[in-house]
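Residues per chain are reported as follows:
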Amino acid sequence: MPHHPAPLTLADPPADRSDPGPGAPAPRPGTAHRRWPSGRLRDAHRREAATAWAFVSPAVLIILGLSVLPVVWSLLLSFQANDLVTPSRWVGLDNYRALAADPHFSQAIRNTLLFTVLFVPLSLVGGLALALALNRRIRLVGLYRTLIFVPFVVSATAQGVLFSFILDPEFGAANSVLSRLGLSPQGFLTDPGQALAVLVGITLWSGTGFCVVVYLAALQDVPESLIEAARLDGAGRRHVLRHVTLPALTPVTVFLVLWQTIQSLQVFDLVYVTTKGGPLGSTTVIVYFIWEQAFKSFTAGYGAAAAYVLAFALCLIGVVTRVVRGRTHPQGAAR
Amino acid sequence: MTLAAPRPGTQPRNATSDAAPGVGRRRPRLPFSAWHLLLAPLALLFALPLAWLLLSSVMSDAEINRFPPALWPSGIDLGGYRYVLGNALFPRWFLNSLIVSAVAVAANLLFGSLGGYAFARMRFAGSKVLLVLMLATMAVPFQLTMIPTFLVMKRLGLIDTLGALIVPSLVTPFAVFLLRQFFLSLPRELEEAAWLDGCSRLRVLFTIVLPLSRPALSTVAVLTFLTTWNDLTWPLIALNHDTQYTLQLGLTTFQGQHHTRWSAVMAGNVLTVLPVLLAFLGAQKSFIRSLTSTGLKG
């Protein structure tokens, strides 16, 4: 149920590199026929298949039962009026029509897009810069890496609770520091003009470390021979960075754009803990809207329709990324 | 850029000692680098909120509620911790989270191994289709499935019990897939020998394959623990009574009810973060490896 941080195969199912093909490992089709008479072979196959099904059935039952079934159910729900208790009523496209006219939904979309547009580039640029700075052998560099990455494992709940304390307009440390510096106190999460930006800031604190780690790993894969060759040709550090290192990072960057975008379109926990969508709806993001419709107002069909709009957007992003990736890095699929 | 350290950027982190002169005894020999002037403040900036979390958890409420609030505790006051642990519900939430996470980890290891092994090594009708279907479910956003999942759990009578949290997290496609990929990378000959000696599949898996799969198993364990322990959305939907809450859900409620007792809220927050922090620091290497390698092998 909870989404793992790293399935990462969304647009990119890993290639079956060493897949043995049907017939692994034991009776390989060709040889087996020679070794066994066909009756025993069929028996062995049948036993093998039965064992295999026994092995996969828990996973299949739970994974497919709790995602394929709900995906279809959700689609049906989106054409119904449902309050989670009484039987639902078919309403056709009414939910979608209502969504198109709902100012709260369009506000939620605007907020989500703004969040994404701020968070994704900032976390990537920041992550790349930090990775470049951290990618050297100096004392304490391991400690620096750990400190920068550690907020990533802190739950959104804990982040939210911590930052509503730090940013509390009256008792928070942030305003206390500001007043000591002679600056005027800020409303932070209570100010409709600031709240969303503050949430982006909190998410950057915890989410940039992921980009750093991924970029660091990729930087260490850049072939040193390439860099040395460029050096020998007289390229300065800046040229090496621009013409060797950055191009080598393109596939990773594409992946990170996709990954961070998906993360920011699905932001919920932090909003729930800190602002509950307020003040004045300034932090109501799409998932918060869906949750509110389904589990607070008990208009589950309406929430399901909103969820389908979100899913469609995610799908679109996946497809676009695939196309872009195919174009900029044609050999990427073979990696 | 001219301030660079003696070994410029691209050296692999775990370079073997023959990779460069001076690496053999590298710690004492590295000269001070000007990069510290940039990196140390940045690293501290990232650490600051967590340091503040720890500090405020040992402050007294008087110190916190003063205006302007104190930025450094005058002494260590464990009143917050005493209040939180004396609160009848908090230990309960901790236990609930522990139960759900422990079951999720154990179940993911077991079902992930079984499923992953069947997909990696066994031949059965429909395996390809099933595998693709399972992979596809990784791309389904949770928001799309949460409403029907709630309805399913309601039919099963599990809403407002820990079962509603446990059942959906028993096995993730991620665990199955990661383990399958790892099993494929193991040499097949080891298993074939045992298999031809008449060992059952189950025995081969448990006595030969799994002992060789520690890195992949620890990756699955750590990531499963992290995601189940940290989840808020699903517990929020599936649970109603505060005796059933998980720690994350409990913490938000606790904050709502005790917003004048910040030291207690922060003490609770420390206790919420501590388990994942320890898990991360304990398994840092495999954790980072899993984040970077599983995703990028495209």
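Conventions used here
Residues numbered from 1 in each chain as written. Chains lettered and ligands numbered in written order. Predicted model: local features only at pLDDT ≥ 70, side-chain atom pairs only at ≥ 80, totals over all residues. Helix = DSSP H or I, 4+ residues; strand = E, 2+ residues; numbered from the N terminus. Buried ≥ 20, exposed ≤ 12 C-beta atoms within 10 Å, placed from the backbone. Contact = placed C-beta atoms within 7 Å. Core = buried A, V, L, I, M, F, W, Y, C linked by C-beta atoms within 7 Å. UniProt positions renumbered as here; feature names shortened; annotations may be inferred. Axes fitted to C-alpha atoms, helices over the stretch in contact; angles between N-to-C directions. Parallel < 35°, antiparallel > 145°, perpendicular 65-115°, else oblique. Left-handed = near helix turned anticlockwise from the far one by under 90°. Domains from an automatic or database assignment. Nonpolar A, V, L, I, M, F, W, Y, C, P; charged D, E, K, R; others polar. Expected span 1.5 Å × (residues − 1). Arc of directions from axis to C-beta. pLDDT = per-residue confidence, 0-100.

> Tell me what's going on with the overall build of chain B, and back it up with residues and numbers.
Along the backbone of chain B there are 16 helices and zero strands. Evaluated residue by residue, chain B yields a buried proportion of 47% over its 298 residues. Sequence separation of 24 or more characterises 73% of the internal contacts of chain B that already satisfy a separation of 6 or more.

> Give a detailed account of the overall build of chain A, specifying residues and quantitative values.
Looking only at helices and strands, chain A features 15 helices and two strands. Out of the 335 residues belonging to chain A, those deemed buried represent 44%. A fraction of 68% describes how many contacts in chain A between residues 6 or more apart in sequence connect residues 24 or more apart.

> Pulling in residues and values, what's your account of the environment of Q263(A)?
By the secondary structure assignment, Q263(A) is in helix α12 (residues 250-265). With 147 residues separating them in the primary sequence, Q263(A) and T116(A) have C-alpha atoms 8.7 Å apart.

> Lay out the nonpolar core in plain terms, naming residues and giving numbers.
Counting 172 residues, the largest nonpolar core has L199(A), V212(A), Y215(A), I286(A), A306(A), V171(B) and V220(B) as its most contacted members. Considering each element in turn, this core owes the most residues, 16 residues, to helix α9 (residues 195-221) of chain A.

> Could you give an account of the UniProt feature "transmembrane region" (unreviewed entry) in chain A, with specific residues and numbers?
All names here are of chain A. Per the UniProt record, the feature "transmembrane region" (unreviewed entry) sits at residues 50-76, 113-134, 146-167, 195-219, 240-262 and 300-320. In the segment residues 146-167, helix accounts for 68% and strand for 0%; the C-alpha atoms at its two ends are 25 Å apart. Annotated as 96% helix and 0% strand, the span residues 240-262 places its first and last C-alpha atoms 32 Å apart.

> Go over the packing of helix α9 (residues 173-185) of chain B against helix α12 (residues 214-230) of chain B with me, naming the residues and quoting the values.
If you want to describe how two helices pack, look at the angle between their axes and the distance between the axes. Residue and element names in this part refer to chain B. It is the contact of α9 with α12, at a shortest axis distance of 9 Å, that shows an interaxial angle of 165°. It follows that α9 is roughly antiparallel to α12 by the angle criterion. Every pair of crossing elements has a handedness; the one defined by α9 and α12 is right-handed. Across the interface between the two elements, A175, L178, L179 and F182 of α9 pack against A216, T219, V220 and T224 of α12.

> Describe in detail the domain arrangement of chain A, supporting the description with residues and values.
Here chain A is described as being made up of domain 1 (21-64) and domain 2 (95-334). Its C-alpha centre places domain 1 of chain A at a distance of 45 Å from the equivalent point of domain 2 of chain A.

> Can you explain the UniProt feature "transmembrane region" (unreviewed entry) in chain B? Please cite residues and give values.
Residues and elements named next belong to chain B. The UniProt feature table records "transmembrane region" (unreviewed entry) at residues 34-55, 93-117, 129-150, 162-183, 204-226 and 262-283. When the span residues 162-183 is considered, its composition is 73% helix and 0% strand, and the gap between its end C-alpha atoms is 32 Å. Between the C-alpha atoms that bound residues 262-283 there is a distance of 31 Å. The span itself is 95% helix and 0% strand.

> Please set out the interface of chain A and chain B residue by residue, giving values where relevant.
The partner chain B presents 106 residues to the 103 residues of chain A that form the contact. Its residues assigned to classes, the side of chain A that touches chain B comprises 73 nonpolar, 19 polar and 11 charged.

> Break down the packing of helix α7 (residues 156-166) of chain A against helix α15 (residues 262-282) of chain B for me, citing the residues and quoting the values.
α15(B) packs onto α7(A) with a crossing angle of 150° between their chain directions and a minimal axis gap of 10 Å. The angle between α7(A) and α15(B) falls in the class roughly antiparallel. Considering the relative orientation of α7(A) and α15(B), their crossing is left-handed. Contact residues: A158(A), V161(A), L162(A) and F165(A) in α7(A); W262(B), V265(B), M266(B), N269(B), T272(B) and V273(B) in α15(B). For the contact of α7(A) with α15(B), a count of residues per class yields eight nonpolar, two polar and no charged.

> Give me the UniProt feature "domain: ABC transmembrane type-1" (unreviewed entry) in chain B: which residues, what numbers.
Mapped onto this numbering, the UniProt entry annotates "domain: ABC transmembrane type-1" (unreviewed entry) at residues 94-283 of chain B. Annotated as 77% helix and 0% strand, the span residues 94-283 of chain B places its first and last C-alpha atoms 22 Å apart.

> Residues and numbers for helix α11 (residues 201-212) of chain B, please.
All names here are of chain B. An ideal rise of 1.5 Å per residue puts 16 Å on 12 residues; α11 measures up with 16 Å between its terminal C-alpha atoms. Where α11 is concerned, the buried positions are R201, V204, L205 and V209. In an axial view of α11, the angular spread of the buried residues amounts to 95°, which keeps them on one side of the axis. Relative to its buried face, α11 has exposed residues pointing more than 90 degrees away, namely R203, T207 and P211.

> Hey, could you go over the confidence of the model for chain B for me, with residue numbers and the actual values?
This prediction gives chain B a mean pLDDT of 83; 87% of its residues lie at or above 70. Here residues 1-26 of chain B is a poorly scored stretch, pLDDT under 50, and it has 31 contacts once near neighbours within four places are set aside; other chains count.

> Outline unusual backbone geometry, supporting the account with residue identities and numerical values.
Residues and elements named next belong to chain A. Here the amide bond leading from G278 into P279 is cis, since omega sits at -15°, within 30 degrees of zero. Position of P279 among the secondary structure elements: in the loop between α13 (269-274) and α14 (286-296). Positive phi is not limited to glycine here, since L140 has a value of about 70°. If you trace the backbone, L140 turns up in the loop between α5 (103-134) and α6 (141-149). Even without being glycine, F188 reaches a positive phi, approximately 50°.

> Give me the lowdown on the environment of V273(A), citing residues and values where you can.
Note on placement: V273(A) falls in helix α13. If sequence neighbours within four positions are ignored, V273(A) has contacts with A156(A), T157(A), G160(A), V161(A) and T252(B).

> Account for the confidence of the model for chain A, naming residues and giving values.
Residues and elements named next belong to chain A. This prediction gives chain A a mean pLDDT of 83; 86% of its residues lie at or above 70. Low pLDDT (under 50) marks residues 1-34, which in the prediction has 64 contacts with non-local residues, meaning those over four places away or in another chain. The low-confidence segment residues 330-335, where pLDDT is below 50, has five contacts with residues more than four positions distant or belonging to other chains.

> Tell me about the environment of P148(B), and please be specific about residues and values.
All names here are of chain B. Inspection of the secondary structure puts P148 in helix α7 (residues 142-155). Residue P148 is classed as buried on the basis of its 23 C-beta neighbours within 10 Å. As a C-alpha pair, P148 and P187 span 39 residues in sequence and 42 Å in three-dimensional space.

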